[in-house]
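Here's the letter readout for the chains.
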Amino acid sequence: GKQYMDNIRNLLGKFGNTEALLLEQRKGDFKASRAKIETLVLVQLIFFTFLAAFTFLFLSRNLFQPLKVLLSSTKKTEKGEPLNISDVVPHDEMGYLLSRFFTMSEKIHERTKVLGHKAFHDELTGLKNRSKMSDEIESAINNSKEFNNKLAIFFIDLNDFKILNDTLGHDAGDIILKEAAVRLKTAIRSDDSVFRVGGDEFVVLIKGIKAIAEVQYIVSKVLKATESPVVIQGQQTKISLSLGVAISPDDSEDSLDIVKFADIAMYAAKRDKDTNYKFYDSSMLKRISDPKR
């Protein structure tokens, strides 16, 4: 019996040791699993923290800051204050560079625009000069062919302008030229063009004419616009002009010829003391003898 009891006791000891060993193993596995879970939770927490921070920065940069700039610009506009490029770019080194490049680009564009205007406009009167006159007349001739209408060229010269310059001075002459330019522009239609082609010479392009009566009406408006005198140095000075008219396609379909024919008609009007204007006809070529300008 004692031997059986010893055997049982030994078996129970082995069982207890085995059970204790298995329990420790399970405790180790649990601790390892818990460590993995804690590490995973920590990684997820760090990831979502960074994701939240990135989302906030993204929304702040792409939504909240533009809204803030929009509200600020709206308030400036409501107050009537001008907007500047620095108001809509970041206030950092990149924003500074962008604003400077924008400012330089604006200045270059403005200077190019001014130079372009000066290249094709008369500085004294602001009228178009002869630089693109032929191209514009050529384009108008092509349009008249397409729409089956006519155009007219007025060649205008101010009478006794040199005498006025010599008598009253060049400043008075400039006043006369500027006043003549203003009156010519007011006498014609908005679609028509006025060019200053010489010292006291002007060319007027009248487009889209259906009947010669329209040309005669505009001629009368031009002459009427120059009837009232200009007060210079306390005295009234009359703007006297001679006007020649050529019609396309009746007289020519060439831009250079039509201007030349209007010029010939103008000198015919200048020689005729009974009228201020003449329409070109081919007989003028035979008796042309232009006086010195």
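Treat the numbers as computed from the prediction; the structure is a model and nothing was measured.

A. Structural context of the packing of aromatic side chains. If you walk through the whole model with that rule in mind, you get four aromatic pairs. Centroid distance Phe54 to Phe58: 6.4 Å. Interplanar angle 25°. Geometry classified as stacked. Here Phe54 and its partner Phe58 are both found in helix 1 (residues 2–78), four residues apart, which amounts to about one turn of the helix. On the accessibility criterion, Phe54 (55% relative accessible area) is exposed. Ring geometry for Phe261 and Tyr280: centres 4.4 Å apart, planes at 5°, overall stacked. One end of the pair, Phe261, is in helix 7 (residues 255–271); the other, Tyr280, is in the segment after strand 7 (277–279), with 19 residues separating them in the sequence.

B. Looking closely at helix 4 (residues 161–168). Listing the buried residues of helix 4 in full gives Phe161, Leu164, Asn165 and Leu168. The buried residues of helix 4 all sit within an arc of 100° when viewed along its axis, so they share a single face. Facing away from the buried side of helix 4, by more than 90 degrees, are the exposed residues Lys162, Ile163, Asp166 and Thr167. Following helix 4 by one or two positions, Gly169 has its phi on the positive side, about 100°.

C. Main features of the side chain of Asp200. By the secondary structure assignment, Asp200 is in the loop between strand 2 (193–196) and strand 3 (201–209). Buried charge without a salt bridge: Asp200, with Lys270 as the nearest opposite-charge side chain at an N-O distance of 6.1 Å. When near neighbours in sequence (up to four residues on either side) are disregarded, Asp200 contacts Ile156, Asp157, Leu158, Phe161 and Leu177.

D. Region of the structure containing the sheet that holds strand 2. Read across the open sheet, the five strands follow the order 2-3-1-6-7; overall the sheet is mixed. If you trace the sheet from one side to the other, it starts and ends with strand 2 and strand 7, each paired once. Shown here is a sheet whose adjacent strand axes are inclined to one another by a mean of 20°, direction ignored. In this sheet, strand 3 lies alongside strand 1 (residues 150–158) in antiparallel orientation, the contact comprising seven bridges. Note that in strand 3 the partner of Phe155 across the bridge is Val203. Where helix 5 (residues 170–187) meets the sheet, its contacts fall on strand 1, strand 2 and strand 3, and the angle it forms with strand 1 comes to roughly 160°.

E. Quick peek at the pattern of salt bridges. Tallied over the full model, the rule gives 14 salt bridges. Across the salt bridge formed by Lys150 and Asp250, the nearest N and O atoms sit 2.7 Å from each other. Of the two residues, Lys150 is situated in strand 1 and Asp250 in the loop between strand 6 (241–248) and helix 7; the sequence distance between them amounts to 100 residues. In this structure, the salt-bridge partner of Lys162 is Asp166, at a minimum N-O distance of 3.2 Å. Placement of both Lys162 and Asp166 in helix 4 is noted, with a separation of four residues, approximately one turn of the helix. Put simply, Lys2, Asp6 and Arg9 are held in one network by salt bridges that share partners.

F. Up close: the pairing of strand 6. For strand 6, a buried count of eight out of eight residues is recorded, marking the element as mostly surrounded by other parts of the structure. Where strand 6 and strand 7 come together, three bridges link them in parallel fashion. Note that in strand 7 the partner of Leu243 across the bridge is Tyr277. Regarding the hand of the β-α-β motif, the stretch spanning strand 6, helix 7 and strand 7 is left-handed.

G. Spatial organisation of the packing of helix 4 against helix 5. Contact geometry of helix 4 with helix 5 gives a least axis separation of 6 Å together with a crossing angle of 135°. For the element pair helix 4 / helix 5, the angle class is oblique. Between helix 4 and helix 5, the residues in contact are Phe161, Leu164, Asn165 and Leu168 and His170, Ala172, Gly173, Ile176 and Leu177, respectively. Tallied by class, residues from the contact of helix 4 with helix 5 come to six nonpolar, three polar and no charged.

H. Local environment of unusual backbone geometry. Residues Ser248 and Pro249 are joined by a peptide bond in cis, for which omega reads 15°. By the secondary structure assignment, Pro249 is in the loop between strand 6 and helix 7. Even without being a glycine, Asn148 presents a positive backbone phi close to 55°. Here Asn148 lies in the loop between helix 3 (133–147) and strand 1. By relative accessible area, which is 68% here, Asn148 ends up exposed. At Asp160, a position not held by glycine, the phi torsion is positive, near 55°. For Asp160, a relative accessible area of 56% translates into the label exposed.

I. Main features of helix 6 (residues 212–225). Helix length check: helix 6, at 14 residues, gives a terminal C-alpha distance of 20 Å against a target of 20 Å (1.5 Å per residue), a fit within 8%. Every buried residue of helix 6 is accounted for by Val215, Ile218, Val219, Val222 and Leu223. Taken down its axis, helix 6 places every buried residue within 140° of arc, on the same side. Relative to its buried face, helix 6 has exposed residues pointing more than 90 degrees away, namely Ala213, Tyr217 and Lys224.

About the cut-offs
Residues numbered from 1 in each chain as written. Predicted model: local features only at pLDDT ≥ 70, side-chain atom pairs only at ≥ 80, totals over all residues. Heavy atoms only, no water. Phe/Tyr/Trp six-rings, centres within 6.5 Å; stacked < 30°, edge-to-face > 60°. Helix = DSSP H or I, 4+ residues; strand = E, 2+ residues; numbered from the N terminus. Buried < 20%, exposed > 50% of the residue type's maximum accessible area, 1.4 Å probe, protein only. Arc of directions from axis to C-beta. Lys, Arg positive; Asp, Glu negative; His and termini not counted. Salt bridge = Lys/Arg side-chain N within 4 Å of Asp/Glu carboxyl O. Contact = heavy atoms within 4.5 Å. Pairing = 2+ DSSP bridges. Axes fitted to C-alpha atoms, helices over the stretch in contact; angles between N-to-C directions. Right-handed = clockwise from strand over helix to strand, strands pointing away. Parallel < 35°, antiparallel > 145°, perpendicular 65-115°, else oblique. Nonpolar A, V, L, I, M, F, W, Y, C, P; charged D, E, K, R; others polar. Expected span 1.5 Å × (residues − 1).

Honestly, that's just the spatial picture; any functional story needs more than this.
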